[in-house]
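Single-letter residue listing:
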Amino acid sequence: MTAIQVKNLKKHFKQVKRKPGMGSYIKSLFHRDYDTVKAVHDISFEIKQGEFVGFVGPNGAGKTTTLKMLSGILFPTSGEVTVAGHVPWQREPQFQRKFSLVMGQKNQMWWDLPVIESFQFNKTIYEIPDATFKAQKEMLCELLDIGHLINNPVRKLSLGERMKCELATALLHKPEILFLDEPTIGLDVISQKRIRDFLAEYNKEQGATIILTSHYMEDIRRLCDRVMIIDHGKLIYDGTYDKLIEKYADTKMIEVGFHEGVSEADLKKVAHVISYNHASAKLSVQRKDITKATTELLKLPIEDISIQEESMEEIVREIFSK
Amino acid sequence: MGAWVGAYVILIEVIFFHIDSLAGWSKGETLLILSFYYLLQNLSDLFFKDNIESFDDTVIHGELDFLIVKPAPTRMLAFFWRIRWDQVGSVIITLFLFTYAFQNLAQPLSPGYFLIGLSMVLVSFILYFSLLTMIASSTFWIGRNNSLRTIVFSITQLSRYPRQIYGKIFGLIFSSFIPMALLATIPAETALAQPIGILIAFFIGITILFSALSQWVWLRGLKRYSSAN
């Protein structure tokens, strides 16, 4: 069943173009020149119910603008969108009860009040029955380990703690669709992992449809069945993670460890050397040459060897550099 | 707030030292207008004034995002988001002002008419809210509005005095197009049991009209909302 359908969606912003200086300012009072910024330009896709989709792209690619149109914050310039059977920008309360939006860089809880106050506010606004609220609150407090935090004012929480509470606040009404805009930004590795584990669990248990944007490719790799890559407002890839690797990662990475003298020159004869020190090295090898390169390497006095796919960061960097 | 009230009471005392009536209003009646004016200010300070004055920041910083996605009227969430409970104390000063006004009236007020006057403050509250939210909604078109606080303050001053002082042309403007002059005068006239049945109907009618107009302006503005990164 389709949860989200997007057809030829566009969002163009008109921006005032003004040169610096007082003269230009006075001139702009009478006549203004505008630039059109094509934040999202003619994208189309469908997302099935329960899918976990990664939305990837550099800064300013159009990821957040797309999420804002899907959640009804922004009106599009043109195009059609249905989310859970509703047109988002009509902002019907029945639709708004079906989804949640979490933005890693913005806070939606009351800054000076304890977290529980924001929970209570959402309970009222989303008309959550007492029993559901109690059960959902307990479940989220346990999964996110925030039971000891909810009576603290939001401003006293660390970034990681706040983000876990943000997620809990957003999920109290059991949304069937979840828009996550960089929920792990600025978090330490442990907090990132905890949130990642929680999202995987939530997607599996609740069958929620999730769109995730993140600059941490590890988030995308571990969580998303499907990856969409957007650049300059256009969708340039939409498919599985595996196919992305197949299509764009024509090399693999070999890590070798050695206990006695293997020179960099020896390794260069076999493959492209990414990094080298007296005990280990990282090599990049064409996918088709991997067997031959491994055979050659095993002739050297090496202690261990591992073959890995290129990191997601590398692949995306590769795509955007083309 | 106490100092402001004190200053205005002194101003009225000085004016009435030289004259017996101001556009047909005695000192006690003028003080009654001032009391209703401050009651309206107390209510707006408590519920929405801060939110309106900082609305340009809310829009420019994209803080409206999380209010738009909630299943509740965005306009109400945006303008009633922070309630200033610390303003409750100001009501006590207004009560003192009412007492002082009563002492200066030639005849005591009928409790029934006074209650109707108080209920008119609720109509004033809706009208005042509608006017100010309409001004605040201009942020959607012009972006940063550094004058928002000044505009709100200046326009509010118009409701402090009897509507009759504005004469014909300005009286029409401040009673119909920018109906600030009605906000405190109508509750006071009602409390004083002056025969203004048609005027009350006009006051309620214009409140409904401005309420609908401000909602329309708000919805048009919200379509232009471009959020922030």
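Residues numbered from 1 in each chain as written. Chains lettered and ligands numbered in written order. Predicted model: local features only at pLDDT ≥ 70, side-chain atom pairs only at ≥ 80, totals over all residues. Heavy atoms only, no water.

1. Description of a nonpolar patch on the surface
Where nonpolar side chains cluster on the molecular surface, the patch consists of Met22(A), Tyr25(A), Ile26(A), Leu29(A) and Phe30(A) and spans about 600 Å² of accessible area. Its location among the elements puts Ile26(A) in helix 1 (residues 22-30). (Patch = residues over 30% accessible without salt bridge, like charges linked within 9 Å, V, L, I, M, F, W, Y side chains within 5 Å. Areas by Shrake-Rupley, 256 points an atom, 1.4 Å probe, with all protein chains shown as cover. Salt bridge = Lys/Arg side-chain N within 4 Å of Asp/Glu carboxyl O. Helix = DSSP H or I, 4+ residues; strand = E, 2+ residues; numbered from the N terminus.)

2. Comments concerning the interface of chain A and chain B
Counting residues at the interface gives 22 residues for chain A and 18 residues for chain B. Three residues stand out in chain A for area buried against chain B, namely Ile73(A), Lys106(A) and Gln108(A), and they jointly supply 26% of the buried area on that side. Here chain A and chain B share two salt bridges between them. In this structure, the salt-bridge partner of Asp65(B) is Lys106(A), at a minimum N-O distance of 3.0 Å. Run the count over chain A and chain B and you get seven residue pairs in polar contact (both at pLDDT 80 or more). Of all elements in the fold, only helix 3 (93-96), strand 5 (99-103) and helix 4 (115-125) of chain A reach the threshold of two or more residues within the side of chain A that touches chain B. Each residue belonging to the side of chain A that touches chain B can be placed in one class, and the counts come to 12 nonpolar, six polar and four charged. (Contact = heavy atoms within 4.5 Å. Buried area = accessible area lost by both parts, 1.4 Å probe. Polar contact = N/O pair within 3.5 Å; in protein donor to acceptor, adjacent residues only side chain to side chain. Nonpolar A, V, L, I, M, F, W, Y, C, P; charged D, E, K, R; others polar.)

3. Topic: the packing of helix 6 (residues 159-171) of chain A against helix 7 (residues 189-206) of chain A
Residues and elements named next belong to chain A. At a minimum axis separation of 10 Å, helix 6 and helix 7 run at an interaxial angle of 15°. Classified by the angle their axes make, helix 6 and helix 7 are roughly parallel. For the crossing formed where helix 6 meets helix 7, the hand is right-handed. For the pair helix 6 and helix 7, contact is made by Gly 160, Met 163, Lys 164, Leu 167 and Leu 171 and by Ser 191, Arg 194, Ile 195, Phe 198, Leu 199 and Tyr 202, respectively. Across the contact of helix 6 with helix 7, the residue classes tally to seven nonpolar, two polar and two charged. (Axes fitted to C-alpha atoms, helices over the stretch in contact; angles between N-to-C directions. Parallel < 35°, antiparallel > 145°, perpendicular 65-115°, else oblique. Left-handed = near helix turned anticlockwise from the far one by under 90°.)

4. Let's talk about unusual backbone geometry
Residues and elements named next belong to chain A. The phi torsion at Arg 91 lies on the positive side, around 50°, for a residue other than glycine. Within the element layout of this structure, Arg 91 appears in the loop between strand 4 (78-83) and helix 3. Among the residues examined, Arg 91 registers a relative accessible area of 16% and is labelled buried. With phi around 50°, Glu 127 is a residue other than glycine that occupies positive phi space. (Buried < 20%, exposed > 50% of the residue type's maximum accessible area, 1.4 Å probe, protein only.)

5. Observations concerning the layout of surface pockets
Roughly 1,600 Å³ of internal volume is contained in the largest pocket. If you trace the largest pocket, you find 49 residues lining it, with Phe13(A), Gln15(A), Ser226(B), Ser227(B) and Ala228(B) closest to the centre. If you list the elements that add at least two residues to the lining of the largest pocket, you get strand 1 (2-17), helix 1, strand 2 (33-48) and helix 2 (63-70) of chain A together with helix 4 (55-60), helix 9 (139-142) and helix 13 (197-224) of chain B. Looking at the lining of the largest pocket, the element that brings in the most residues is strand 1 of chain A, giving six residues. Split into classes, the residues belonging to the lining of the largest pocket amount to 19 nonpolar, 18 polar and 12 charged. Estimated volume of the second largest pocket: approximately 680 Å³. The set of elements that each furnish at least two residues to the lining of the second largest pocket consists of helix 4 and helix 5 (65-68) of chain B. Residues of the lining of the second largest pocket, tallied by class, amount to eight nonpolar, seven polar and six charged. (1 Å grid on protein atoms, 1.4 Å probe; cavity = no way out; pocket = protein on both sides within 12 Å on 5 of 7 lines; lining within 4 Å. Points joined across faces, edges and corners; volume = space filled by probe spheres on them.)

6. A closer look at the side chain of Asp65(B)
Inspection of the secondary structure puts Asp65(B) in helix 5. Within the structure, the side chain of Asp65(B) is placed 2.9 Å from the side chain of Ser227(B), a separation counted as a polar contact. In this structure, Asp65(B) is in contact with Lys68(A), Ile73(A), Met103(A), Lys106(A), Tyr225(B) and Ser227(B), ignoring residues within four places of it in sequence.

7. Focus: the confidence of the model for chain A
Residue-level pLDDT values for chain A average 89, and 98% of them are 70 or greater. At the low end of the mean pLDDT range in chain A sits helix 12 (residues 312-321) of chain A, at 70; at the high end sits strand 4 of chain A, at 97. (pLDDT = per-residue confidence, 0-100.)

8. Observations concerning the sheet that holds strand 7 (residues 209-213) of chain A
All names here are of chain A. Read from one edge of the open sheet, six strands run 5-6-7-3-8-9, paired in mixed fashion. Two strands bound the open sheet, and with one partner strand each, they are strand 5 and strand 9 (234-240). The mean inter-strand angle of the sheet, taken between neighbouring strand axes irrespective of direction, is 15°. Note: strand 3 (residues 52-56) against strand 7, four bridges, orientation parallel. Its bridge partner being in strand 7, Phe 55 is matched across the sheet by Thr 213. On the sheet, helix 2 packs against strand 3, strand 5, strand 6 (177-181), strand 7 and strand 8 (226-231) and is oriented at approximately 150° with respect to strand 6. Where helix 6 meets the sheet, it contacts strand 5 and strand 6, and its direction lies at approximately 165° from that of strand 5. (Pairing = 2+ DSSP bridges.)

9. What about the packing of aromatic side chains?
Following the criterion strictly, the structure yields 31 aromatic pairs over all chains and no others. Seen from their ring centres, Phe102(B) and Phe114(B) are 5.4 Å apart, and the 85° between their planes marks the pair as edge-to-face. In this pair, Phe102(B) is assigned in helix 7 (residues 90-104) and Phe114(B) in helix 8 (residues 111-137), connecting sequence segments 12 residues apart. You can call Phe102(B) partly exposed: its relative accessible area is 34%. A network of ring pairs unites the aromatic residues Phe47(B), Phe48(B), Phe55(B), Phe79(B), Phe80(B), Phe125(B), Tyr128(B), Phe129(B), Phe140(B), Trp218(B) and Tyr225(B) as a single cluster. The positively charged end of Lys14(A) is found above the aromatic ring belonging to Tyr34(A), 4.5 Å away from the centroid. Over the face of the ring belonging to Phe133(A) we find Lys123(A), whose NZ or CZ atom lies 5.8 Å from the ring centre. (Phe/Tyr/Trp six-rings, centres within 6.5 Å; stacked < 30°, edge-to-face > 60°. Lys NZ or Arg CZ within 6 Å of the ring centre and 35° of its normal.)

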